[in-house]
Structure formats: structure tokens, C-alpha cells
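Now for the letters of each chain:
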Amino acid sequence: MRPLDGRRILLVVSGGIAAYKSAILLRRLTASGAQVDVVMTSAAQKLVGAATFEALSGRTVFSDLWERPLAHIELGRDADLAVVAPATANILGRMAMGLADDMATSTLLAAACPILVCPAMNVRMWDQPATRESIERLAARGIHVLEPAHGELAEGEVGVGRLEEPEVILAHIGRLLETASPLAGRKVIVTAGPTRSPIDPVRFVGNRSSGRMGWALASSAWRRGAEVLLVAGPTELKPPYGPAVVRVEESREMLEVLSRELPDAYALLMTAAVSDFLVAEPAAHKIKKELAGGLDLRLERGPDILAETKELRARHAVVTLGFALETDAPVENATRKLQAKGMDMVALNVAGREGTGLEAEMNQVTIIDVAGAIEELPLLPKEEVADRLLDRLEERLRG
Ligand code: C5P
């Protein structure tokens, strides 16, 4: 199932240069399963043709209020969510005043669903007291505002005013629609990536982990309305949109952050590949390579974070999902781990399968839950694995 299957979105495009980005947003919305009705202002049609939006939505694009005199009422009534992207200073002002002087504003005034506006304009127009007032009035009425980003603007200037990227708008749409999730409004901690143990100030012992699985879970939980804290080891990935991020390097730091953050958390999704071994005596200064006879490293066991937080999690009833990578008797071993470490659900990876697990884009997991239910998922992109895992977790929480 795709995240927006069965959802009806009303996309209102006003006349900003960023209107071309709305076509990409529309593409992403339909790819996510949404049925999208598009309304364009006449200014928007001077920038991008209605035919583009008609082709991408597979539906009639509305612009003229008089073409079908009741269309604005129907579109407003049937939508689950309306998004105005780009929202020019002009349409924001008209909405703020409650005008219904064209198809776009009339439909928005008739809409009974949540509305998200995504302003885009020149920085000086954005900074105008008049624009600020429009935004404040809309926000006070419960209209959601996704503030524009800082960056290069159409005229070559740099400042705040860029339309947010389509993925960011899409994430917000998902979050606004997902208020029914048991995760909505609750604190969810996701750990991701590897941990490192220093040998000296420049070298370390680490493990192969890209952080992608944790990133995907953090984004998916955020889209479902959770307040997400991503506790991440060193990775190349840029922070996902939405979750708060705390960076750590060593397993002990990860344990410290969790010990502090777990008491008011609702769920812990433990995807981090925590290194089990630490360098026993890290050097304070860079070890010289001229060292006679090479270098012997003694490794010792590091903290098992799930084991060490077991009591704390039990005391605060933190729902816990962990991952396990197994080679032999995988289901038995993963089930034993689930019980020993006090988890509610474990996602089992079988080691040595090509193109899955650590560092890969795809993953193939088997979900085992504390009640003994076992479900083997097919090989899927990690984003989809994340969605399936959270769907399953939500089912448990509802049940
Ligand atoms: O025992 P194993 O490493 O297979 O357990 C996997 C689960 O335990 C994962 O969720 C992982 O994040 C967590 N783990 C941990 N502390 C470790 C190693 C793994 O919490 N030192």
C-alpha cells in the first residue's frame, strides 16, 4: 500500500515562478497514491500550462469559476487536504481577507479540510508587514504554513522566499493526514548508523552501516505525526526533514543520550549497528606509524545498549523495535534476542544475502513480534520496509 492511497488532495497553484515545482509535487503525490484535483489561478497559467497538470493528474484542471459554477463547492467538500503551492503574496492576502474572487480562493473558502500553504516570493515581499500579517491571520485560523526556504531566488537574489522542495511538502502533507496514527504527537527515538571506537585521535574501529534504515524509519515516523529524535552515529547522509537529530560517535555516548531521553519516550526503534567491541586503551595522541613490530590492539566488550536499557524501558513502558542480523537458526536466535533484550518486535536480517542489509538500498526482513507472529517481507527499498514495520507496530499499539 502506498502512503496516500485513497486520499484526495486539492492542489492550488498560484502565479509564482516556482509553479513549475508544483508539477513535480503533483507527480510525487500521484505516485504516492493520491487522487489530485488541480486549481490554477490565471497568473499560474501564464507560467505553466494547464495541460501539464492535466496530464500529470489525469483529471480536469480548474481555473475559471464560471466554467462549472458548482465545481468550487464540490472540490472543497471532497478533499482530505488542500495545499497551496506556490502561495504568492497575492493569494495569501486574498485568503487572509476571506475573498472568494476566483476559482482558487472560492474553492479554498469552501474547503472543510485542513489547508497547507507553501509561500514562495521575493525576500522583500516575504518580509513586508502586509505579508507577515496575512501569514499570522491564516495561522491563527488553523491554516498550516510551511515557511519558504532560504536560498537563491528567481531574480538571482539570495534570501528567504524559495518554495520548499517537493519532498518536504510531501512529508508535511503526510504528517497532516496521519493524525490517526497511534504515534501521532508522541516521542519516538530512532537510533541509526554505526558507532566508532577511537584507536587514537584520527583512527577508529567501526562497522559497515550507512544509517539508511534508521533514516527511513525516522522519516516515516515523523510523517505519521510523531515527535522524532534521531540519535545518529557518523554517516554521510544529510539530516532527514522533520526529526530532531543528535549526533554521537561512540556507543557509550549513544547509551548516555538514550538513558536521558527514554523516560518520556513512547517508542524506541533501535536500528543502529552498535559496535560490540571497543578499543581497550585508546591513545591520547596519534600513534606513529614507525612503531616497531606493528600495533596490537586489545578490544573489549562495549555496552549492549538494548540490554542495558532493558529495565529503564520496562519501567517507562517504551515500545521497542530492534534489528537482528543472524547467520544460523535465524528465527530461533532472533526470538531469543527479542525476549532477552525486552523488545516488542524484532526485524530479522539474514547475513550474507546479496544486496540487502548493511549499506544496501534495499532490505529483506522478517518481522517477529513478542506474541510469536512471524511475517517474512519481500526484498524492498528501505523506505518501504520502514513503512511496513511501522504499520505493523501501529497495529500492535491499536490492538
Ligand atoms: O545482539 P545483536 O547485536 O544482534 O542485537 C541487535 C539489536 O541490538 C539491534 O537492535 C541493535 O541496535 C542492538 N544492539 C545494542 N547494543 C549493542 C549491539 C546491538 O543495543 N552493543
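Structural notes, computed from the coordinates. Computed from a predicted model, the values in this text were never measured in an experiment.

Comments concerning the overall build of the chain
No. 1: A count of helices and strands for the chain gives 15 helices and 21 strands.
No. 2: Judged by the C-alpha coordinates and their principal axes, the chain covers about 85 × 50 × 40 Å.
No. 3: Here the analysis covers contacts within the chain between residues at least 6 apart in sequence; of these, 68% occur between residues at least 24 apart.
No. 4: As displayed, the chain has an accessible area near 18800 Å², and 51% of this comes from carbon and sulfur atoms.
No. 5: Computed over 46 positive and 54 negative side-chain charges, the inter-centroid distance for the chain is 1 Å.

Regarding the pattern of salt bridges
No. 1: Applying the stated rule across the entire model yields 28 salt bridges.
No. 2: A salt bridge links Glu165 to Arg162, with the shortest nitrogen-to-oxygen separation between them at 3.2 Å.
No. 3: In this structure, the salt-bridge partner of Arg392 is Glu375, at a minimum N-O distance of 2.6 Å. Placement of Arg392 in helix α15 (residues 382-398) and of Glu375 in strand β20 (residues 374-376) is noted, with a sequence separation of 17 residues between them.

Things to note about the side chain of Ser14
No. 1: Take Ser14: it is sitting in the loop between β1 (8-13) and α1 (19-31).
No. 2: Accessibility expressed as a relative area gives 1% for Ser14, which makes it buried.
No. 3: Here the side chain of Ser14 touches Pro86 through a polar contact of 2.6 Å, landing on its backbone oxygen.
No. 4: Here the side chain of Ser14 touches Thr88 through a polar contact of 3.1 Å, landing on its backbone nitrogen.
No. 5: Here Ser14 is in contact with Ala19, Thr41, Ala44, Pro86, Ala87, Thr88 and Ile91, once residues within four sequence places are set aside.

A closer look at the site of the ligand
No. 1: Every residue lining the ligand is accounted for by Met270, Ala272, Val274, Asp276, Pro303, Asp304, Ile305, Leu306, Gly322, Phe323, Lys337 and Lys341.
No. 2: Within the backbone of Phe323, one N or O atom sits 2.9 Å away from an oxygen atom of the ligand.
No. 3: One of the side-chain N or O atoms of Lys337 is found 2.5 Å from an oxygen atom in the ligand.
No. 4: Protein contacts shield 88% of the accessible area of the ligand, which totals 450 Å² for the unbound molecule.
No. 5: Looking at the shell around the ligand, the elements with two or more residues in it are α12 (305-308) and β16 (319-326).
No. 6: Broken down by class, the residue content of the shell around the ligand amounts to seven nonpolar, one polar and four charged.

Describing the packing of helix α4 (residues 71-78) against helix α6 (residues 103-110)
No. 1: It is the contact of α4 with α6, at a shortest axis distance of 7 Å, that shows an interaxial angle of 45 degrees. Taken together, the axis directions place α4 and α6 in an arrangement best described as oblique. In this structure, α4 meets α6 at a crossing whose hand is right-handed. Across the interface between the two elements, Ala71, His72, Ile73, Leu75, Gly76 and Arg77 from α4 touch Met103, Ser106, Thr107 and Ala110 from α6.
No. 2: Counted by class, the contact of α4 with α6 contains five nonpolar, four polar and one charged residues.

Observations regarding a nonpolar patch on the surface
No. 1: A cluster of nonpolar residues, Phe277, Leu291, Leu295, Leu297 and Leu299, forms a patch on the protein surface that exposes about 430 Å² of accessible area.
No. 2: Considering the arrangement of structural elements, one finds Leu299 in strand β15 (residues 299-301).

Some points on the nonpolar core
No. 1: In this structure, Val188, Val190, Leu217, Leu269, Phe323 and Leu389 are the most contacted members of the largest nonpolar core, which totals 33 residues.
No. 2: Those elements giving two or more residues to this core turn out to be β8 (187-192), α10 (212-223), β11 (227-232), β13 (267-270), β16, β17 (345-350) and α15.
No. 3: If you tally residues by element for this core, the top one is α10, at seven residues.
No. 4: Non-local contacts of Leu217, meaning those with residues more than four positions away in its chain, are made with Val190, Leu269, Thr271, Leu321, Phe323, Ala386, Leu389 and Leu390.
No. 5: Counting 32 residues, the second largest nonpolar core, distinct from the first, contains Leu29, Val61, Leu81 and Cys118.

A closer look at the packing of helix α5 (residues 89-97) against α6
No. 1: As a packed pair, α5 and α6 sit with axes 10 Å apart at the nearest point and diverge in direction by 45 degrees. Classified by the interaxial angle, the pair formed by α5 and α6 is oblique. For α5 against α6, the interelement crossing comes out right-handed. Along the contact surface, α5 presents Ile91, Arg94 and Met95, while α6 presents Ala104, Thr105 and Leu108.
No. 2: Residues of the contact of α5 with α6, tallied by class, amount to four nonpolar, one polar and one charged.

Thresholds applied
Residues numbered from 1 in each chain as written. Predicted model: local features only at pLDDT ≥ 70, side-chain atom pairs only at ≥ 80, totals over all residues. Heavy atoms only, no water. Helix = DSSP H or I, 4+ residues; strand = E, 2+ residues; numbered from the N terminus. Contact = heavy atoms within 4.5 Å. Areas by Shrake-Rupley, 256 points an atom, 1.4 Å probe, with all protein chains shown as cover. Lys, Arg positive; Asp, Glu negative; His and termini not counted. Charge placed at Lys NZ, Arg CZ, Asp CG, Glu CD. Salt bridge = Lys/Arg side-chain N within 4 Å of Asp/Glu carboxyl O. Buried < 20%, exposed > 50% of the residue type's maximum accessible area, 1.4 Å probe, protein only. Polar contact = N/O pair within 3.5 Å; in protein donor to acceptor, adjacent residues only side chain to side chain. Near = heavy atom within 4 Å. Nonpolar A, V, L, I, M, F, W, Y, C, P; charged D, E, K, R; others polar. Axes fitted to C-alpha atoms, helices over the stretch in contact; angles between N-to-C directions. Parallel < 35°, antiparallel > 145°, perpendicular 65-115°, else oblique. Left-handed = near helix turned anticlockwise from the far one by under 90°. Patch = residues over 30% accessible without salt bridge, like charges linked within 9 Å, V, L, I, M, F, W, Y side chains within 5 Å. Core = buried A, V, L, I, M, F, W, Y, C linked by side-chain atoms within 4.5 Å.

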